[in-house]
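Here are the chains, one letter per residue:
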Amino acid sequence: MEYENLKIKGFEFKILMDEAQIQAQVERLADEINDYYEGRSVSIVVVLKGAYVFAADLCRLLKVNHEIHFVKFTSYDGFSAKPTIKCDVPLEIDVEGKNILIIEDIIDSGNTMAYFLDSLKVDKPNSLDICSFLLKPKAIQQKLPLKFVGCEIDNGFVIGYGMDFNEEFRSLKHIYQKI
Ligand code: IMP
Ligand code: MG
């Protein structure tokens with residue numbers, strides 16, 4: 001199932017990061033998170049669906065005490081200038097006084113994350129930070145507390161390692177980018 005190049009519905013994708021390169025970044029991020037939260041507990045919040053593979057790999061390398069929770073958002077582009085963001089799976093914990101670390105697969109425009117952060121800040125967490133495996137610096141439109149970032153990439157669409165194209169290809173072990 002793993003190839004150098006993929007052709008999907010007429011679009012060509014090439015490998016951006018292979019399994020070993022991904023693993024190296026996950027280990028580096030886990031080290032940074034272990035250092036940063038040493039002696040403290042952290043409440044991990046995984047943004048579904050894309051971040052589920054990254055979160056599973058990352059959390060199994062954590063040495064700090066942590067709990068894991070999930071949220072899910074849908075973004076409708078429609079015809080308006082600003083996309084409408086809706087929460088499908090809400091956070092089921094009280095964040096007040098907690099160290100919250102949000103785990104994302106990729107920050108593109110940053111609009112979904114900005115929307116989520118606004119709702120979380122109201123409930124006064126002790127700390128609020130983001131760990132995103134990928135970041136598209138040329139696409140981001142929001143100022144975000146991006147404490148931990150795996151890799152900065154160009155704007156092309158990516159799939160694999162949890163990330164989808166119309167709900168498919170999340171299980172690819174490498175990350176591919178549209179040429
Ligand atoms: P944003 O609000 O534009 O930052 O993007 C929200 C979410 O869309 C991200 O967390 C991803 O789950 C998904 N997404 C953004 N860019 C890509 C991509 O290139 N491939 C797959 N999913 C993406
Ligand atoms: Mg995501």
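Our subject is the structure that appears above.
Residues numbered from 1 in each chain as written. Chains lettered and ligands numbered in written order. Predicted model: local features only at pLDDT ≥ 70, side-chain atom pairs only at ≥ 80, totals over all residues. Heavy atoms only, no water.

Asks: Account for the sheet that holds strand S5 (residues 84-89), naming residues and giving values.
Replies: Sheet strands associate in pairs through backbone hydrogen bonding, adopting either a parallel or an antiparallel arrangement. Pairing is mixed in the open sheet, where six strands are placed in the order S5-S4-S3-S6-S7-S8. Of all strands in the sheet, those with a lone pairing partner are S5 and strand S8 (146-152), marking the two edges. Shown here is a sheet whose adjacent strand axes are inclined to one another by a mean of 25°, direction ignored. Sheet topology places strand S7 (residues 127-135) next to S8; five bridges connect them, and they run parallel. From the neighbouring strand, Cys-131 faces S8, where its bridge partner is Phe-148. Running over the sheet, helix H1 (residues 19-36) touches strand S6 (99-107), S7 and S8 and is turned about 170° from S8. Together, strand S3 (42-48), strand S4 (66-76), S5, S6 and S7 form the strand contacts of helix H3 (residues 111-121), whose direction differs from that of S6 by roughly 165°. (Pairing = 2+ DSSP bridges. Helix = DSSP H or I, 4+ residues; strand = E, 2+ residues; numbered from the N terminus. Axes fitted to C-alpha atoms, helices over the stretch in contact; angles between N-to-C directions. Contact = heavy atoms within 4.5 Å.)

Asks: An account of the coordination of the magnesium ion (ligand 2) is requested, with residue identities and associated values reported.
Replies: For the magnesium ion (ligand 2), the full set of protein donor atoms is Glu-104 (OE) and Asp-105 (OD), at a range of 2.2 Å. Looking at Glu-104, the relative accessible area reads 8%, which means it is buried. (Donors = N, O, S within 2.8 Å, 3.2 Å for Na, K, Ca; no water. Buried < 20%, exposed > 50% of the residue type's maximum accessible area, 1.4 Å probe, protein only.)

Asks: Go over unusual backbone geometry, please, and point to the residues and values.
Replies: Cis geometry is adopted by the peptide bond preceding Lys-49, which originates at Leu-48 and carries an omega value of -5°. For Lys-49, the location among the structural elements is in the loop between S3 and helix H2 (52-59). One non-glycine residue, Lys-9, lies in positive phi territory at about 45°. By secondary structure assignment, the location of Lys-9 is in the loop between strand S1 (5-8) and strand S2 (11-17). Judged by its relative accessible area of 54%, Lys-9 is exposed. One non-glycine residue, Tyr-161, adopts positive backbone phi at about 50°. As for its position among the elements, Tyr-161 is in the loop between strand S9 (158-159) and strand S10 (175-178).

Asks: Lay out the sheet that holds S10 with the relevant residues and their values.
Replies: Read from one edge to the other, the open sheet built from four strands follows the order S1-S2-S10-S9, with strand pairing classed as antiparallel. For this open sheet the edge positions go to S1 and S9, each flanked by a neighbour on one side alone. Seen against the sheet, H1 touches S2 and S10 and runs at an angle of roughly 50° to S2.

Asks: Tell me about the site of ligand 1, residues and numbers included.
Replies: Around ligand 1 there are 14 residues in total, and Glu-104, Ser-109, Gly-110, Thr-112 and Val-158 lie nearest to it. Residue Ser-109 places a side-chain N or O atom 2.6 Å away from an oxygen atom belonging to ligand 1. For ligand 1, the protein covers 81% of the area, taking 480 Å² as the surface of the free molecule. With four residues, S6 is the largest single contributor of residues to the shell around ligand 1. Tallied by class, the residues present in the shell around ligand 1 amount to five nonpolar, four polar and five charged. (Near = heavy atom within 4 Å. Polar contact = N/O pair within 3.5 Å; in protein donor to acceptor, adjacent residues only side chain to side chain. Areas by Shrake-Rupley, 256 points an atom, 1.4 Å probe, with all protein chains shown as cover. Nonpolar A, V, L, I, M, F, W, Y, C, P; charged D, E, K, R; others polar.)

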